[in-house]
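Each chain is listed here by its residues.
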Amino acid sequence: MKVVYCEQMVADAQSFSPSARKPREVVGSWRRRFPVLSMVEPQPVSVDQLCLAHDPGYVRGVLSLRLANGFGNHLPEVAQSLPWTSGAMLGAARWALNEGCAVAPVAGFHHACYGHGGGYCTFNGLMVAALVLHREGLVRRVGILDFDQHYGNGTSDIIRELGLHWVEHYSAGAWWERPEQAERFLDEIPQILARFADCDLLLYQAGADPHVNDPLGGWLTTAQLRARDRLVFAATRAMGLPLAWNLAGGYQSNLRKVLDIHDNTMLECLNAFAERIDEIV
C-alpha cells in the first residue's frame, strides 16, 4: 500500500484546523501500527497544473502571498506546502491507477472554489488531480466521493465553472447530518458507490469530522465510521475501481482521537486490499 508523503506537505497554519500539520502526525501513527505500508514521495504540482482547476490570478496571488490562503492568513510556510499537498493527491491517484489503491495523508481541498479558498482549503487537490490525469488521457471519467461532514462546495463550484461533465461528484454533507440517519446512510452506501461504476478512478475523502464527538460534526459513532470505510473499500475492490483516498476533516481538540479515526480507516483499507498488499510487500 503506497502512502504518498513528504515533510514539505506539512505546515503550521496557526489555525483551529489541524489539517496543515496533520499529515506528519497521521503518518507517524501509521508507521507505528502498520509496518506493511510503503512511503513514497510526491512531486509538487506546477503552477500551470494548479491553474487547470483555479483562476490563474488566484493561484499566483496565494503563492506570492498577496492573497490569503484558505486559513485566512498569508503565512509563507502554508503557501510553500500547497504544491506538495496537491502533488500528494495526484501521486496517490497515479499509484491507484497502477496498483488499485493508494493514499495521500492530506486534507484541505473541497471548500476551495475556482477563484477563492475558504474553510481551511486553499487549492482543490481533488480537482487538480482529476484535471491533470484527464488532460494526460489516463482517465475518461473520474468520481469524487466526499464523505467529509461538510458539503464540498468548492468541488461543485469548479465542476460547474469549467463544465466538467465527466466528473461524478457525491458529497454526503449535502444529505446526511443527523444520528438518526446513520443506519440508513450505511445501508445506502452500496447504491451510492454504484453511481461511479463507469469511472476510471475514484477519489475518496474519508473525513473524520462526522464523528459524534467532533465539534464540527456529530452523527456517526466510531463503529459506524469504520463500517462506512469498510463498505467503501470493499465495494471499490469488488468493482475493480482504482481508489485514491485522503483524510479530509477532523477537529477534536485531542488530536489522538482524530488519529485513531484515521488509523481505523487505514485498517479497513488494508483489510479490503490485503491480497494486493501481500503481493506488493
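Residues numbered from 1 in each chain as written. Predicted model: local features only at pLDDT ≥ 70, side-chain atom pairs only at ≥ 80, totals over all residues. Heavy atoms only, no water.

1. Looking at the environment of P179
Then, number 1: Inspection of the secondary structure assignment puts P179 in the loop between strand 5 (167-171) and helix 7 (182-194).
Then, number 2: In sequence terms P179 and W219 are 40 residues apart; their C-alpha atoms lie 4.2 Å from each other.
Then, number 3: What P179 contacts, discounting residues up to four positions off in sequence, is G218 and W219. (Helix = DSSP H or I, 4+ residues; strand = E, 2+ residues; numbered from the N terminus. Contact = heavy atoms within 4.5 Å.)

2. Brief notes about the pattern of salt bridges
Then, number 1: In total, this model carries 15 salt bridges according to the counting rule given.
Then, number 2: A salt bridge links D263 to R33, with the nearest nitrogen and oxygen atoms 3.6 Å apart. Note that D263 is positioned in helix 9 (residues 255-272) and R33 in helix 1 (residues 22-33), a separation of 230 residues in sequence.
Then, number 3: What makes R33 partly exposed here is its relative accessible area of 44%.
Then, number 4: As a salt-bridge pair, D198 and R141 come within 3.3 Å of each other at their nearest N and O atoms. In this pair, D198 is assigned in the loop between helix 7 and strand 6 (201-205) and R141 in the loop between helix 5 (125-135) and strand 4 (142-146), connecting sequence segments 57 residues apart.
Then, number 5: With relative accessibility at 38%, the residue D198 sits in the partly exposed group.
Then, number 6: The buried category is assigned to R141, whose relative accessible area is 14%. (Salt bridge = Lys/Arg side-chain N within 4 Å of Asp/Glu carboxyl O. Buried < 20%, exposed > 50% of the residue type's maximum accessible area, 1.4 Å probe, protein only.)

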